[in-house]
Amino acid sequence: MESSSTFKRIFSPNENIDDSSTFEIPYFVAKVAKISSLVSCALMLVVLLVLGPQFEPLPSCVLSAIIVMSLKSMLMYFGDLKRAWFSSKIDASVWVVTFISVVFLDMDYGLIIGILFALITVLFRSQYPETCLLGNLPGTELYRCIGKYPNVTEIPGIKIFHFGASIYFGNREYFRSQIFHHVSFQQSPFAEAQIKYQNVRAEQGEKSKIVEDDEQLPFSDYKYDYLRVIILELSAVGYTDSGGVSMLLQVMREFAVNNIMIYLASVQEPVLESLERQGFFNSVSKEFLFPTVHDAVLYAQSECFSS
């Protein structure tokens, strides 16, 4: 009963609280807060003076860890470099240039440099594409590079030349030089004089066939008498500009004065349309066009070697 009365006396809602007891709790809290502040300041002082030097290299380590984890995905691409190097050294060089630019410059500058370098490699590939001579796989109608396939055989009297890119002003001289290189062709002074004569006639608008004129034969001075036909395999040629068309005509004239005919095989439709628009067939007969290399070979064997 006494405890109950005491409970009622302390917590009775109708009882007036003495003013002196009102400030006891806040005063105690203020004292505790001051003590806790002193303890916190003491701990901070200990950390700064004693433990601080021990943690001095910690920010650099944490920052390094953050950077490494951020670059982890990029560093994992180092495994692709070896595979790219064996598959294509040009692609591997693009990877190396872009990576070095990003690491030593900045992400934006590195990507710009990588894109520009990739465009340069594309331009280089189009100016110096793959070229080769093709041979026949015995018993088939397939023709493959004689340097990569040891089982293919060359057809006597016929050279099949493959050009691996479009023919335009940037690689027209390379196109001509590679044909001459692969067939081991040497032009005589008399043939060069007649080529200039034919070029002048063509510029004056005179229609002259590339192969069929009898006046070409006295100037023939080709050191390999067995060669009669060159077949240009143009399946990789996607387009040709006016410079490429003029170079193709020039090459055909250079071989024509040596009594060597040039056939065009596997010509794509856009290239045919371009040749038609630029008047190529005003000088070259369409009978020298063939849908496949094998058709051109059969025609050459029947027409040029029948006699």
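How each quantity is defined
Numbers given for residues are sequential positions, taken from 1 along each chain in its written order. Under the rules for a predicted model, residues below a pLDDT of 70 receive no local features and side-chain atom pairs below 80 are neither given nor counted, while totals for whole chains, interfaces and linings still include all residues. Calculation of side-chain values draws on the structure's entire complement of heavy atoms; hydrogens and water are dropped beforehand. UniProt positions are given in the numbering used here, feature names are shortened, and annotations may be inferred rather than shown by experiment. Under this scheme, a helix contributes an axis fitted over its contacting stretch, all axes are lines through C-alpha atoms, and angles between N-to-C directions fall in the 0 to 180 degree range. Put simply, DSSP marks the helices as runs of H or I at least four residues long and the strands as runs of E at least two long, and each gets a number from the N terminus on. Throughout, the term roughly parallel applies to angles under 35 degrees, roughly antiparallel to angles over 145, roughly perpendicular to angles from 65 to 115, and oblique to all others. What makes a crossing left-handed is the near helix being turned counterclockwise from the far one by less than a right angle; a clockwise turn instead makes it right-handed. Only heavy atoms enter the contact rule, under which two residues are in contact if any of them lie within 4.5 Å. Residue polarity follows a fixed list, in which Ala, Val, Leu, Ile, Met, Phe, Trp, Tyr, Cys and Pro are nonpolar, Asp, Glu, Lys and Arg are charged, and the others, Gly among them, are polar. Whether a residue is buried, partly exposed or exposed follows from its accessible area with a 1.4 Å probe, protein chains only, as a fraction of its type maximum: under 20%, in between, or over 50%, in that order. Whenever a nitrogen or oxygen atom comes within 3.5 Å of another N or O atom, the pair is scored as a polar contact, on the condition that within protein one atom can donate a hydrogen and the other can accept it, and that pairs from neighbouring residues in sequence are kept only if both atoms are in side chains. Here, a strand pair is defined by DSSP locating no fewer than two bridges between the strands. We call a set of buried residues a nonpolar core when its members are Ala, Val, Leu, Ile, Met, Phe, Trp, Tyr or Cys and they connect through side-chain atoms within 4.5 Å of each other. In this context, the arc is that of the directions from the helix axis out to the C-beta atoms. Salt bridges are defined by distance alone: a side-chain nitrogen of Lys or Arg within 4 Å of a carboxyl oxygen of Asp or Glu.

Identification of the protein chain as Prestin from Araneus ventricosus is taken from an unreviewed UniProt entry. The Subcellular location (unreviewed entry) comment attached to the protein chain in UniProt states, word for word, "Membrane".

Trainee: Provide a residue-level description of the packing of helix α9 (residues 172–182) against helix α11 (residues 242–256), including the pertinent values.
Mentor: In contact at an axis separation of 9 Å, α9 and α11 are set at 25° when each is read in the N-to-C sense. In terms of orientation, α9 and α11 fall into the roughly parallel class. For the crossing formed where α9 meets α11, the hand is right-handed. For the pair α9 and α11, contact is made by Arg172, Glu173, Phe175, Arg176, Ile179 and Phe180 and by Gly243, Ser246, Met247, Leu248, Gln250, Val251, Glu254 and Phe255, respectively. Among the residues making up the contact of α9 with α11, the classes are represented as 7 nonpolar, 3 polar and 4 charged.

Trainee: Which residues make up the side chain of Lys159, and what values do they have?
Mentor: Mapped onto the fold, Lys159 is located in strand β3 (residues 158–163). Classification of Lys159 as buried rests on a relative accessible area of 11%. Side-chain polar atoms of Lys159 contact the side chain of Glu154, separated by 3.3 Å. Excluding anything up to four places from it in sequence, Lys159 contacts Leu133, Glu154, His182, Val183, Tyr226, Leu227, Val229, Ile230 and Ile231.

Trainee: Account for the sheet that holds strand β5 (residues 261–265), naming residues and giving values.
Mentor: The sheet built from 6 strands is open, its strands ordered β2-β1-β3-β4-β5-β6 with mixed pairing. This sheet does not close on itself; its edge strands, each paired only once, are β2 (143–145) and β6 (289–290). In the sheet, strand β1 (residues 131–136) pairs with β2 via 3 bridges, with the strands oriented antiparallel. Looking across to β2, one finds that Asn136 is bridged to Tyr143. Sheet strands in contact with α11 are β4 (229–233) and β5, and its direction is about 140° off that of β5.

Trainee: Outline the UniProt feature "transmembrane region" (unreviewed entry) in the protein chain, listing residues and values.
Mentor: The sites that UniProt annotates as "transmembrane region" (unreviewed entry) are residues 32–51, 57–78 and 99–124. Each end of residues 99–124 is marked by a C-alpha atom, and these two atoms are 21 Å apart; helix forms 92% of the span and strand 0%.

Trainee: Which residues make up the pairing of β1, and what values do they have?
Mentor: Burial within β1 is extensive, with 6 of its 6 residues counted as buried. Of the two faces of β1, the one holding Thr131, Leu133 and Gly135 and the one holding Cys132, Leu134 and Asn136 are both buried throughout. As paired strands, β1 and β3 are joined by 4 bridges and run antiparallel to one another. Bridge assignment links Leu133 to a residue of β3, and that residue is Phe161. Linkage of β1 to β2, two consecutive antiparallel strands, is achieved through a turn of 6 residues, within which Gly139 is found at a positive phi near 85°.

Trainee: Before we move on, can you summarise the nonpolar core with the specific residues and values?
Mentor: One broad trend across soluble globular proteins is that nonpolar side chains are buried collectively. Membership of the largest hydrophobic core comes to 49 residues, with the highest contact counts inside it found for Phe175, Ile231, Leu232, Phe255, Tyr263 and Phe280. Take this core: its biggest share by element is 7 residues, from α11. In this view, Phe280 contacts Val245, Leu248, Leu249, Met252, Leu264 and Leu275; residues no more than four positions away in its chain are not counted.

Trainee: Mind laying out helix α12 (residues 269–277), listing which residues take part and the relevant values?
Mentor: Looking only at α12, the buried set comprises Val271, Ser274 and Leu275. In a view along the axis of α12, the buried residues occupy a sector of 100°, so they form one face of it. Turned more than 90 degrees away from the buried face of α12 sit Glu269 and Arg277, all of them exposed. Structurally, α12 contributes buried residues whose contacts are with α11. Looking one or two residues beyond α12, the residue adopting positive phi is Gly279, at roughly 75°.

Trainee: Any details on the pattern of salt bridges? Residues and values, ideally.
Mentor: What the rule picks out here adds up to 5 salt bridges. In this structure, Glu254 and Arg176 form a salt bridge, with 2.6 Å as the shortest nitrogen-oxygen distance. Of this pair, Glu254 sits in helix α11 while Arg176 sits in helix α9, placing them 78 residues apart in sequence. For Glu254, a relative accessible area of 5% puts it in the buried group.

Trainee: Lay out the environment of Ile90 in plain terms, naming residues and giving numbers.
Mentor: Within the element layout of this structure, Ile90 appears in helix α7 (residues 89–104). In this structure the C-alpha to C-alpha distance between Ile90 and Val122, which are 32 residues apart in sequence, comes to 9.5 Å.

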